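Chain residues, written in single-letter form:
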Amino acid sequence: MHVEIEEPPRIVLSGTPREIGLQHGKQLYSQIKNQLTVYEAMFQHTSKMSWDDVLVLAEEFRATIARSTPDLLAEMQGIADGAGRTLLEIVALNCRSEISFGKFADGCSSLALHRRDRGRILAQNWDFTTRVQGNLALVEIIQPDKPVIYMVTEAGIVGKIGFNSAGVGVCLNAIRAHPCLSSKLPIHIALRLCLESDSVDTAVQKLSSLGGVASSQHILIADPTVALGLELSPLGDDHLPEDEYGMVTHTNHFLLNRRVIEPPWLSGSPVRLARVRELAREIVDSKVLEGGGAELAGTVLRGQIFSDTCDGPQSICWQEDPAQPKIVRTATLFNIVMRLEEGNLGAEVVFGKPGSGMESSVIKLPWR
């Protein structure tokens, strides 16, 4: 029987930081409640941390966010008030990558591609525990004197994967490495700051000016003129430029950054990276993306790259491994393909595993 993944809520947030947060918290009340239940269990399983211990660490990050990005702390307070939760619970959601210390089984394969004379294509599969599938949301954020943001996020989290009206887009690849420093920015705050920027250059400068990030992660960022892989760590960053094919590709291990201790983690990450590059180069060589309409890139990339199940379960389209505990059992939860092209900005999102026959229908961003 054909059963599609249910489409997530679509919400529009606007006003002051507190107003944006209140709207977020009220509209995603039940999803935030469920998120906290899921993450409490995940933190206990992956990091052996009680919820009280999590909130102690969240307080350290609260102080950092208050110092570096007070508007986003005000937004988190609004989320907490709107959802009937405490501020530290919402901070914990926004620092989930740091609190877990890289022990979650995030997968994710990302790709930036130069489409000749038409800007950049930015795309990824986001792979994570299936228990958060029902807590995802499509969010539009309208703020005075800032680009409009269109993103896919987890309920309660202020910054994730998407693009803005200035043509800046971001993808995320988790990296497992040490150390983690609570005096620096959580990665989801860094993603939000990128989405509030009007170019790749201004985003990079903003993150640098605020002292960098707390945990090791890769942000693939692009605008219509350039794509750049940001291998970020609390001990310093390295940047990956576009290669001879006009591409930047990444999975879940650092390619350049040797400043941190990165133990072996996902054995499939190098295999996936090679596979993404192989399939993407075939597309470039075929010149199939050089013509066609706005939807062509999404159709081609989903069909030829992001539905690929070669070398599963840790394939580009990640398959659940029944040998893993259910709390951390990973699968591809959504695919996004963004067009960062002057006069043709937009994205297509599919929830569930693309090409599986059980994914959602294609959702266009902006949706209104």
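Given the structure is predicted, the values throughout are model-derived calculations rather than measurements. One numbering rule holds for all chains: residues counted from 1, following each sequence as written. Local features in this predicted model are restricted to residues whose pLDDT is 70 or higher, and side-chain atom pairs enter the listing and the counts only when it is 80 or higher, whereas totals over whole chains, interfaces and linings include all residues. Water and hydrogen atoms were dropped before computing side-chain values, which therefore reflect all heavy atoms in the structure.

**Things to note about the packing of aromatic side chains**
- Centres within 6.5 Å are what make two rings of Phe, Tyr or Trp a pair, Trp counting through its six-membered ring; a difference in plane orientation under 30 degrees is then read as stacked, over 60 as edge-to-face, and the rest as tilted. Overall, the coordinates contain seven aromatic pairs when judged by the stated rule.
- Look at Phe-43 and Trp-51: their rings are 6.3 Å apart centre to centre, the planes differ by 25°, and that puts the pair in the stacked class.
- By relative accessible area, Phe-43 is classed as buried at 1%.
- Residue classification places Trp-51 among the buried positions, given a relative accessible area of 14%.
- With 5.9 Å between their ring centres and 50° between their planes, Phe-334 and Phe-351 make a pair best called tilted. With Phe-334 in strand β12 (residues 330-340) and Phe-351 in strand β13 (residues 346-351), this pair connects stretches of sequence that are 17 residues apart.
- Relative accessibility thresholds used throughout: buried, under 20% of the residue-type maximum; exposed, over 50%; partly exposed, between the two (1.4 Å probe, protein chains only). In this structure Phe-351 comes out as buried when scored by relative accessible area, which is 1%. In DSSP terms, a helix is any run of H or I states spanning at least four residues, a strand is any run of E spanning at least two, and both are numbered starting from the N terminus.

**Overview of unusual backbone geometry**
- Of note, the amide linkage connecting His-178 to Pro-179 takes the cis form, showing an omega dihedral of 5°.
- Examined against the element boundaries, Pro-179 turns out to sit in the loop between β7 (169-174) and α7 (187-195).
- With omega at -10°, the peptide bond leading from Leu-365 into Pro-366 counts as cis.
- Summarising the element assignment, Pro-366 is placed in the segment after β14 (363-365).
- The phi dihedral of Lys-48 falls on the positive side, at around 55°, and the residue is not glycine.
- When you line up the elements, Lys-48 lands in the loop between α2 (29-47) and α3 (51-68).
- Relative accessible area serves as the criterion here: at 63%, Lys-48 is assigned to the exposed category.
- Positive phi, close to 60°, is recorded for Lys-287, a residue that is not glycine.

**Thoughts on the sheet that holds strand β10 (residues 238-240)**
- With respect to topology, eight strands assemble into an open sheet ordered β1-β4-β5-β6-β7-β8-β9-β10, the strand pairing being mixed. Among the strands making up the open sheet, the edge pair consists of β1 (10-14) and β10. For this sheet, the mean inter-axis angle between neighbouring strands, taken without regard to orientation, is 20°.
- Here seven bridges tie strand β8 (residues 217-223) to strand β9 (residues 226-232), and the two strands are oriented antiparallel to one another. Here a strand pair is declared whenever DSSP counts at least two bridges between the two strands. Note on definitions: angles span 0 to 180 degrees between N-to-C directions of axes, and those axes are lines fitted to C-alpha atoms, for helices only across the stretch in contact.

**Let's talk about the nonpolar core**
- Ranked by size, the top nonpolar core spans 91 residues in total, and within it Ile-32, Val-91, Trp-126, Ile-219, Ile-221, Phe-334 and Met-338 carry the most contacts.
- Not counting residues within four places of it along the chain, the set of residues in contact with Ile-32 comprises His-24, Gly-25, Ile-79, Ala-83, Arg-85, Ile-90, Leu-93, Ala-155 and Gly-156.
- The set of buried Ala, Val, Leu, Ile, Met, Phe, Trp, Tyr and Cys residues whose side-chain atoms join them within 4.5 Å is what this entry labels a nonpolar core. Within the second largest apolar cluster, 17 residues are counted, among which are Leu-113, Leu-279, Ala-280 and Ile-305. Residues count as neighbours in contact if any of their non-hydrogen atoms are within 4.5 Å of one another.

**A look at the domain arrangement of the protein**
- Start and end points for every domain follow an automatic or database-based domain assignment. What the domain assignment lists for the protein is domain 1 (15-100) and domain 2 (107-365).
- Centre-to-centre, using C-alpha coordinates, domain 1 lies 23 Å away from domain 2.
- Counting from both sides, the interface comprises 32 residues of domain 1 and, opposite them, 38 residues of domain 2.
- By definition here, a salt bridge exists when the distance from a side-chain nitrogen of Lys or Arg to a carboxyl oxygen of Asp or Glu is within 4 Å. Taken together, the links from domain 1 to domain 2 amount to two salt bridges.
- Here Glu-75 ties to Arg-192 by a salt bridge, and the two come within 2.8 Å at their closest N and O atoms.

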